[in-house]
Amino acid sequence: MAVAPLLPDSYLEALYAGRARPLRSIALAYAARVRQMAAAKSYDLLWIEKELLPWFPYGMERWILNSAPPYVVDFDDAWFHHYDRSRWPLVRRLLGHKLDTLMRHAALVTVGNDYLAERAEAAGTRSVVILPTVVDLVRYPIAPQRVGTPPTVGWIGSPITDHYLSLVERPLKELVMGNVARLCLVGATPAALGALPAERHDWREDTETGHIAAFDIGIMPLADTPWERGKCGYKLIQYMACGKPVVASPVGINRDIVEHGVNGFLAETPEEWAGALRRLAADPDLCRRLGAAGRAKVERHYSLTGTVPRLIEILRQAAGRRPERTDAS
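Per chain, residues are indexed from 1 in the order of the written sequence. Residues qualify for local features only when their pLDDT is at least 70, as the model is predicted, and side-chain atom pairs are given and counted only at 80 or more; totals for whole chains, interfaces and linings, by contrast, use all residues. Side-chain numbers come from the whole structure's heavy atoms, not from hydrogens or water.

**Q** Help me out: how do you make sense of a negative patch on the surface in this one?
**A** Without a salt bridge and with relative accessible area above 30%, a residue can belong to a patch; like charges are then joined within 9 Å and nonpolar side chains (Val, Leu, Ile, Met, Phe, Trp, Tyr) within 5 Å. Using the Shrake-Rupley algorithm and a 1.4 Å probe, accessible areas are obtained, with residue cover drawn only from the displayed protein chains. Salt bridge, as used here: a side-chain nitrogen of Lys or Arg that lies within 4 Å of a carboxyl oxygen of Asp or Glu. Neither His nor the chain ends is counted toward charge; the positive residues are Lys and Arg and the negative residues Asp and Glu. The location of each charge is read from NZ of Lys, CZ of Arg, CG of Asp or CD of Glu. A cluster of acidic side chains, namely Asp 114, Glu 118, Glu 121 and Asp 256, defines a negative patch on the protein surface. Considering every element that reaches the negative patch, the biggest residue donor is helix 7 (residues 114-122), with 3 residues. Counting from the N terminus, the helices are the DSSP runs of H or I reaching at least four residues and the strands are the DSSP runs of E reaching at least two. Structurally, Glu 121 can be placed in helix 7.

Structure follows, in structure tokens:
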């Protein structure tokens, strides 16, 4: 097995730090990807995360894949909406159906939710399997609940997603300024939520689970648009893996992960958000019950150990399916 990420760590470091993206390293990465694909024919199966060459038309990938082994395409976001819903007409015309074509000729498409599966099926994919986002529970500790201090409401994400916090700015401000709860943000930009007092941390892989374990309540606000309906609820699963109750917008897969009143609450309006957060902040026993139910659900449905055997089997089956050779479609 060989793993070949497209972009180097320097790209992500620049992205999360808010710096200009290193164009030279991006160009070199694309050239390296083309060279890597020359060796792909020696493998039994190619597993593609979303696409081989982002922002290039399908013809380039078709040229590479026609000499490749059977391939699997994996989606955990509605990546196709970057193209078919772009504000630029030229992008919509050249790339709007690129990923549909890529999926149609795949031996298998794996997706994280029903919304993505429906798109793959509409594209004419031969085989679609829904594999939920999973976590390695060994990495997610369950910390004892703190007493005697206001509970901590926590959010984890990336700088490009912290705009969702503005959806719940008013209820968070009421809680924090009223000393009902504290706020912790991991991975957000310094400008997120303005001057609202919050404990802020940069995101790092080696510290993320420790920060989540220090939360008392985890939140995932989302807007209800096609892009968000393709999300796979990773931060909710992380919170629940650490035994935390959650509050989330009732969008997409959030409705499946969060069982209202069982392992957390679904909240749509600012009033619903404020009510759910206040209820959890005032009732440590409720937090413990909902947190325990969330951890149990992750153990049943969203754990790495439970999903790996199924993944191995479907990849073995996909390796036996020869790719379709294509012209321009």
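After presenting the structure, the write-up continues.
**Q** Please clarify how the sheet that holds strand 8 (residues 217-220) should be interpreted in this entry.
**A** Strand pairing in a sheet relies on backbone hydrogen bonds, with the paired strands running either antiparallel or parallel. By the convention used here, strands pair only if DSSP detects at least 2 bridges between them. If you trace the 6 strands from one edge of the open sheet to the other, you get 7-6-5-8-9-10, paired in parallel fashion. In this open sheet, the two edge strands, each paired with only one partner strand, are strand 7 (199-201) and strand 10 (264-266). Between one strand axis and the next, the sheet turns by 20 degrees as a mean value, whatever way the strands run. Of the strands in this sheet, strand 5 (152-156), strand 8, strand 9 (246-248) and strand 10 are in contact with helix 13 (residues 270-282), which crosses strand 8 at around 165 degrees. For helices, the fitted line uses only the C-alpha atoms of the stretch in contact; every axis is such a line through C-alpha atoms, and the angle between N-to-C directions lies from 0 to 180 degrees. In what follows, residue pairs with any heavy atoms lying within 4.5 Å of each other are defined as contacts.

**Q** It is not clear to me how the sheet that holds strand 2 (residues 71-75) should be interpreted in this structure. Could you clarify?
**A** The strand order across the open sheet built from 4 strands is 1-2-3-4, with neighbouring strands paired in parallel fashion. Either end of the sheet is taken by a strand with one partner, and the two such strands are strand 1 (46-49) and strand 4 (128-130). Adjacent strand axes in the sheet meet at a mean angle of 20 degrees, parallel and antiparallel pairs treated alike. Two strands pair when backbone bridges link them, and strand 1 and strand 2 are joined in this way by 4 bridges, in the parallel orientation. Looking across to strand 2, one finds that Glu 49 is bridged to Asp 74.

**Q** Teacher, can you tell me more about the nonpolar core here?
**A** Generally speaking, nonpolar side chains in soluble globular proteins are found buried as a group. Residue types Ala, Val, Leu, Ile, Met, Phe, Trp, Tyr and Cys, when buried and joined through side-chain atoms within 4.5 Å, form a set referred to as a nonpolar core. Exposure is judged per residue with a 1.4 Å probe applied to protein chains only, and the accessible area is read against the type maximum: over 50% gives exposed, under 20% gives buried, and values in between give partly exposed. Formed by 53 residues in total, the largest nonpolar core has its most connected members in Leu 172, Ile 219, Val 247 and Leu 277. Counting residues per element, this core draws most heavily on helix 11 (residues 234-241), at 5 residues. When near neighbours in sequence (up to four residues on either side) are disregarded, Ile 219 contacts Val 153, Gly 154, Trp 155, Leu 165, Val 168, Leu 172, Lys 235, Tyr 239, Val 247, Trp 273 and Leu 277. Membership of the second largest hydrophobic core comes to 33 residues, among which are Tyr 11, Tyr 30, Leu 46 and Ala 106.

**Q** Explain the packing of aromatic side chains to me, please; I cannot follow it from the model alone.
**A** Aromatic ring pairs are defined here through the distance separating the ring centres and the angle between the ring planes. For this analysis, a ring pair means two rings from Phe, Tyr or Trp (six-membered ring only for Trp) whose centres lie within 6.5 Å, classed as stacked if their planes differ by under 30 degrees, edge-to-face if by over 60, and tilted for the remaining angles. Per the stated rule, a full pass over the model turns up 5 aromatic pairs. A ring has a charge above it when a Lys NZ or an Arg CZ is no more than 6 Å from the ring centre and no more than 35 degrees off the ring normal. Positioned above the aromatic ring of Trp 79 is the side chain of Lys 50, whose terminal nitrogen or guanidinium carbon lies 5.3 Å from the ring centre. Just above the ring of Phe 80 sits the side chain of Arg 119; from NZ or CZ to the centre is 4.3 Å.

**Q** Honestly, unusual backbone geometry in this entry has me stumped. Any pointers?
**A** If a residue is not glycine, its phi is most likely negative; likewise, a peptide bond is most likely trans. In the Ramachandran plot, Lys 50 falls in the positive-phi region, its phi being about 75 degrees despite a non-glycine side chain. Of note in the backbone geometry, Trp 55 takes a positive phi value of approximately 70 degrees without being a glycine. Topologically, Trp 55 is positioned in the loop between strand 1 and helix 3 (58-65). The class for Trp 55 is partly exposed, based on a relative accessible area of 48%.

**Q** Explanation requested: the pairing of strand 8 in the structure shown.
**A** The alternating pattern of strand 8 places Ile 217 and Ile 219 and Gly 218 and Met 220 on opposite faces, both of which are buried. Pairing between strand 5 and strand 8: 2 bridges, direction parallel. Across the sheet, residue Gly 154 finds its bridge partner in strand 8, namely Gly 218. Relative to strand 9, strand 8 is paired through 3 bridges, and the arrangement is parallel. Residue Ile 219 lies in a different strand from strand 9, and its bridge partner there is Val 247.

**Q** Just checking my understanding: could you explain helix 13 for this structure?
**A** What sets the pattern is the α-helix's 3.6 residues per turn: residues three or four places apart point alike. Along its 13 residues, helix 13 runs 18 Å from first to last C-alpha, staying within 8% of the 18 Å computed at 1.5 Å per residue. Turning to helix 13, its buried residues number three or more, namely Trp 273, Ala 274, Ala 276, Leu 277, Leu 280 and Ala 281. On an axial view of helix 13, the arc spanned by its buried residues comes to 170 degrees, and they lie on one face. Helix 13 presents Glu 271 and Ala 282 as exposed residues on the side facing more than 90 degrees away from its buried surface. Tucked inside the fold, the buried residues of helix 13 contact strand 5, helix 8 (169-177), strand 8, strand 9, strand 10 and helix 14 (284-301). For a helix, the expected span equals 1.5 Å multiplied by the residue count minus one. Starting at the helix axis, one direction is taken to each C-beta atom, and the arc is that of these directions.

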